[in-house]
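Descriptive analysis of the structure
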Amino acid sequence: MKLIIAIIQDEDASEVISALNDKEIPVTRLSTKGGFLRSGNTTLMTGVEDDKVEQALTAIEDHCKARTQYATMPSSCGTMHGFIMAPIEVRVGGATVFVLDVEQFHKF
Ligand code: 2BA
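The present account deals with the structure reproduced in this document. Predicted model only: the values in this text are computed from it and were never measured.

On to the site of the ligand. Around the ligand sit Ile7, Gly34, Gly35, Phe36, Leu37, Asn41, Val90, Arg91, Val92, Gly93, Thr96 and Phe98, and that is every residue in its neighbourhood. A distance of 2.9 Å separates an oxygen atom of the ligand from a polar atom in the backbone of phenylalanine 36. Take glycine 93: an N or O atom from its main chain is 2.7 Å from an oxygen atom of the ligand. Here the ligand, which alone exposes 750 Å², has 51% of that area covered by the protein. Counting residues per element, the ones that place at least two in the shell around the ligand are β5 (83–92) and β6 (95–101). The greatest single-element share of the shell around the ligand, amounting to three residues, is contributed by β5. Residues of the shell around the ligand, tallied by class, amount to six nonpolar, five polar and one charged.

Encoded structure:
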């Protein structure tokens, strides 16, 4: 058995969850925040038998789009005024996915 942890964008979450449910793959949705942009994203946790891992990954890949976001970061302007806030373009991925071996799985 594997545990798939997928960090995706909020906008894609409903479609990914529906696609997983259609394949009878259970999923838990967590509201999370990225450490770099400090804005909300969604983390999905799904425990699946090994033979369903590819189906789960396909559902995630097919429904997650990369998008460009703009973040305001402190940047040195090289003058005595010190720092200015400079908008930077950040490409946020479709999905960041970890696949872990599950040592034990219980439902009590
Ligand atoms: P954030 O940490 O908010 O990062 C958003 C996007 O900012 C990243 O997109 C990447 O394009 C950029 N970025 C992140 N750290 C950066 C840095 N130090 N310098 C310049 N640009 C940086 P993604 O790579 O697609 O990541 C999307 C979200 O997935 C991340 O949100 C974070 O929540 C999670 N994530 C990505 N890689 C991870 C990892 N190795 N471990 C845990 N979470 C990860």
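We now examine the pairing of strand β2 (residues 28–33). Direction of pairing for β2 relative to strand β3 (residues 40–48): antiparallel, over a ladder of six bridges. Looking across to β3, one finds that lysine 33 is bridged to glycine 40. The hairpin formed by β2 and β3 contains six residues between the paired strands, and arginine 38 there has a positive phi angle of roughly 60°.

Positive phi values are uncommon outside glycine, yet glutamate 24 reaches one of about 60°. Within the element layout of this structure, glutamate 24 appears in the loop between α1 (10–22) and β2. Of the residues examined, glutamate 24 reaches a relative accessible area of 69% and is grouped as exposed. One non-glycine residue, arginine 38, lies in the positive phi region at around 60°. Structurally, arginine 38 can be placed in the loop between β2 and β3. Since its relative accessible area comes to 64%, arginine 38 is described here as exposed.

About the cut-offs
- Residues numbered from 1 in each chain as written.
- Predicted model: local features only at pLDDT ≥ 70, side-chain atom pairs only at ≥ 80, totals over all residues.
- Heavy atoms only, no water.
- Near = heavy atom within 4 Å.
- Polar contact = N/O pair within 3.5 Å; in protein donor to acceptor, adjacent residues only side chain to side chain.
- Areas by Shrake-Rupley, 256 points an atom, 1.4 Å probe, with all protein chains shown as cover.
- Helix = DSSP H or I, 4+ residues; strand = E, 2+ residues; numbered from the N terminus.
- Nonpolar A, V, L, I, M, F, W, Y, C, P; charged D, E, K, R; others polar.
- Pairing = 2+ DSSP bridges.
- Buried < 20%, exposed > 50% of the residue type's maximum accessible area, 1.4 Å probe, protein only.

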